[in-house]
Structures are given as structure tokens and as C-alpha cells.
Amino acid sequence: MRNLYVITLALAGSVALTACQKPFGGDVRRADTSVNAIDGTGLSDIMLNAADPTEAVSYFSRSVAENPDRIDLQRGLAKSLVRAGENHAAVTAWKNVVAHKEATMDDRVDYADALIRTGEWKEAEAQLDAVPPTHETYKRYRLEAMVADSNQEWKKADSFYQTAVGLTTRPGGVLNNWGYSKLTRGDYKEAEKLFAQAITYDPSLFTAKNNLVLARGAQGKYDLPVMEMTQTERAQLLYTLGLAAVKAGDVTIGKGLIKDAIDTHPQHFEAAVRSLRALEANVSNG
């Protein structure tokens, strides 16, 4: 009798477990593999931040085709196109995003960014003008500064760059842009200072290092500043400095710097070798 009682309890437990596992409504439905379900796993974020840009474009293109009204997918496509370097297609994608009823001011700023990438400065300026002054973001002011630069409105550019620097904890890139603006204006001393600041915030920013050397070379400073650099970077910077010296008419100094670059580089430095040969040939012909 006791065994029968145990068996009865076991059967009851089995039935209860089955009932717990059964979905609401009593029917078993096929798993939903649509974009709506996938979004819960963060796949869209992965595609935007970690996936290969081309794969991300394909993913969002399919997703937008399946869900044409979803602005988050349209936005993902636009961002992916920028990452993939497909700037003209990105402009079209951002235009669609901005036209959406749920578009934000950040979307309009991103649209302006895409327009700048394709050289459509006037339209980019118009998009930024449509953003209210109360929308104060780093990206907005960085783009405003670039547009002001393109219009040679130097005071406005400086003001926008200064504001952008204050709105980010990683100002290396915008300081480099600001320094380049000063460099193009011929304000080499101020450009040098800004490039040095950019490197302080981001020691890996080789563009700022190269621009710093250009600013120093324009002032007749033909020695490399003290900063963090690899052996390859040092060779490249010596080469840049050598070319700057040659351009300034200091050919002998320039040749010496280019020779130093060739000797410093851990591998064969073809560009520097060609430049040195050309300089020596000119001297021989002279």
C-alpha cells in the first residue's frame, strides 16, 4: 500500500511539472526569430559596435526592409554606412532618419556629420542651424567648429572648439582639429600648443604628433619634442620634419633629418629613400 502511495505522488509530480512547462494558452508556438526578438539579445548593439562594418550594413539593410517604420533600425543602418566608409549612402540613410516622425536633434547632428564627410558643407550648416542652441553636445559643437573653419570664420571656430573641448572627457581629437585650424591660418605657435595638448590626452594619436612636428618645422624648430613614440613613429616624424625643412629652404638640414629617418626605421623606409635620392640628384644636377 505504501508503494502505491509513492507511485501516486510521483505521477502527480510529473503531471505538475508538465503543467509548469506548458506555455500559457496550452499551445506550443515556434520560436520568434524576427528582429523584434533578436533585439532583446542586444544584437543591434553588437552589430553597431563590434561587428565588421560590411556585415553590419547587411544586417541593418535586411532589418529595415523587414521593418521599414522602425527608426532604430534606420538609425543603425545610417551609422553602419558611416563606419563602412559608404558616406554618400549614409547621407541618404540619415536623410530618411531625420524625416521620421520620431527623429531627434542628435539624428540631425549625425546627418550634418555625414554631409560634411561628403563635402556638402552648406547643407551641413543648414542642418546645424536647425538645431536649437539648447542642444549642447560635444559632437554638435565640434561640427559647428569645422563648418566655421570651412567658412574661414576664425573667431566662431575658436569659440566652438573651446566649447567642444569642455563637453568631453576625451578632447584629443578635437584639440588636434583645432590645432590644424591654427596651422592652416599660419598661427604655428598656437597650433604647436594645441597639438601638444592633444597628445597629452591621447598619446596614441599619431596624427597629432605628425601635425606637431609640422608646426615646429614651420617655426624652424628641427628637433623632435619629448613625447611617447615607437621607433617606427620616430622615423616617420623625422621624415616629416625633414620634408618641412626642405620646404622651408633648409635643404642640408632636411637631408640630414631624412637620413636619420632611414637609419631609425626598423624596416626599409622606401618613401624616405626615394626622397633622399631625389634631393641628391637635384644637388648633383645643380
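Our subject is the structure that appears above.
Residues numbered from 1 in each chain as written. Predicted model: local features only at pLDDT ≥ 70, side-chain atom pairs only at ≥ 80, totals over all residues. Heavy atoms only, no water.

K.L.:
Looking at this model, I keep getting lost on the pattern of salt bridges. Mind explaining?
P.N.:
Any two side chains of opposite charge can pair, on the condition that their charged atoms come close. For the structure shown, the criterion picks out 17 salt bridges. For the salt bridge of arginine 185 with aspartate 149, the shortest nitrogen-to-oxygen distance reads 4.0 Å. With arginine 185 in helix H11 (residues 172–185) and aspartate 149 in helix H9 (residues 138–150), the pair connects residues that are 36 residues apart, well separated along the chain. Of the charged contacts, one joins glutamate 192 and arginine 216 as a salt bridge, the two residues approaching to 2.9 Å between their closest N and O atoms. Placement of the pair is glutamate 192 in helix H12 (residues 188–201) and arginine 216 in helix H13 (residues 206–218), with a sequence separation of 24 residues. The exposure class assigned to glutamate 192 is buried, which follows from its relative accessible area of 13%. Judged by its relative accessible area of 10%, arginine 216 is buried. Put simply, Asp149, Asp158, Lys182, Arg185 and Asp187 are held in one network by salt bridges that share partners. (Salt bridge = Lys/Arg side-chain N within 4 Å of Asp/Glu carboxyl O. Helix = DSSP H or I, 4+ residues; strand = E, 2+ residues; numbered from the N terminus. Buried < 20%, exposed > 50% of the residue type's maximum accessible area, 1.4 Å probe, protein only.)

K.L.:
Mind showing me how you'd approach the layout of surface pockets here?
P.N.:
Taking a probe equal in size to a water molecule and rolling it over the atoms shows the remaining empty space. For the largest pocket, the calculated volume is near 230 Å³. Leu183, Tyr188, Leu214, Gly217, Ala218, Thr240, Leu243, Ala244, Lys247 and Ala248 together form the lining of the largest pocket. When the residues that make up the lining of the largest pocket are grouped by side-chain class, the tally is seven nonpolar, two polar and one charged. (1 Å grid on protein atoms, 1.4 Å probe; cavity = no way out; pocket = protein on both sides within 12 Å on 5 of 7 lines; lining within 4 Å. Points joined across faces, edges and corners; volume = space filled by probe spheres on them. Nonpolar A, V, L, I, M, F, W, Y, C, P; charged D, E, K, R; others polar.)

K.L.:
Could you clarify how one ought to interpret the packing of aromatic side chains in this entry?
P.N.:
Given two aromatic rings, their pairing is described by the distance between the two centres and the angle made by the two planes. One pass over the full model with this rule turns up four aromatic pairs. Between the aromatic rings of tyrosine 59 and phenylalanine 60, the centroid separation amounts to 4.8 Å while the plane-to-plane angle is 75 degrees, which identifies the pairing as edge-to-face. The exposure class assigned to tyrosine 59 is buried, which follows from its relative accessible area of 5%. Consider the rings of tyrosine 141 and phenylalanine 160, whose centres lie 6.0 Å apart with planes at 35 degrees: the pair is tilted. Here tyrosine 141 is found in helix H9, whereas its partner phenylalanine 160 is found in helix H10 (residues 154–166), with 19 residues between them in sequence. (Phe/Tyr/Trp six-rings, centres within 6.5 Å; stacked < 30°, edge-to-face > 60°.)

K.L.:
Looking at this model, I keep getting lost on the packing of H11 against H12. Mind explaining?
P.N.:
At a minimum axis separation of 8 Å, H11 and H12 run at an interaxial angle of 165 degrees. With respect to each other, H11 and H12 are oriented roughly antiparallel. Seen along the crossing, H11 lies across H12 with a hand that is left-handed. Contacts from Gly172, Leu175, Asn176, Trp178, Gly179, Tyr180, Lys182 and Leu183 of H11 reach H12 at Tyr188, Glu190, Ala191, Leu194, Phe195, Gln197, Ala198 and Tyr201. (Axes fitted to C-alpha atoms, helices over the stretch in contact; angles between N-to-C directions. Parallel < 35°, antiparallel > 145°, perpendicular 65-115°, else oblique. Left-handed = near helix turned anticlockwise from the far one by under 90°. Contact = heavy atoms within 4.5 Å.)

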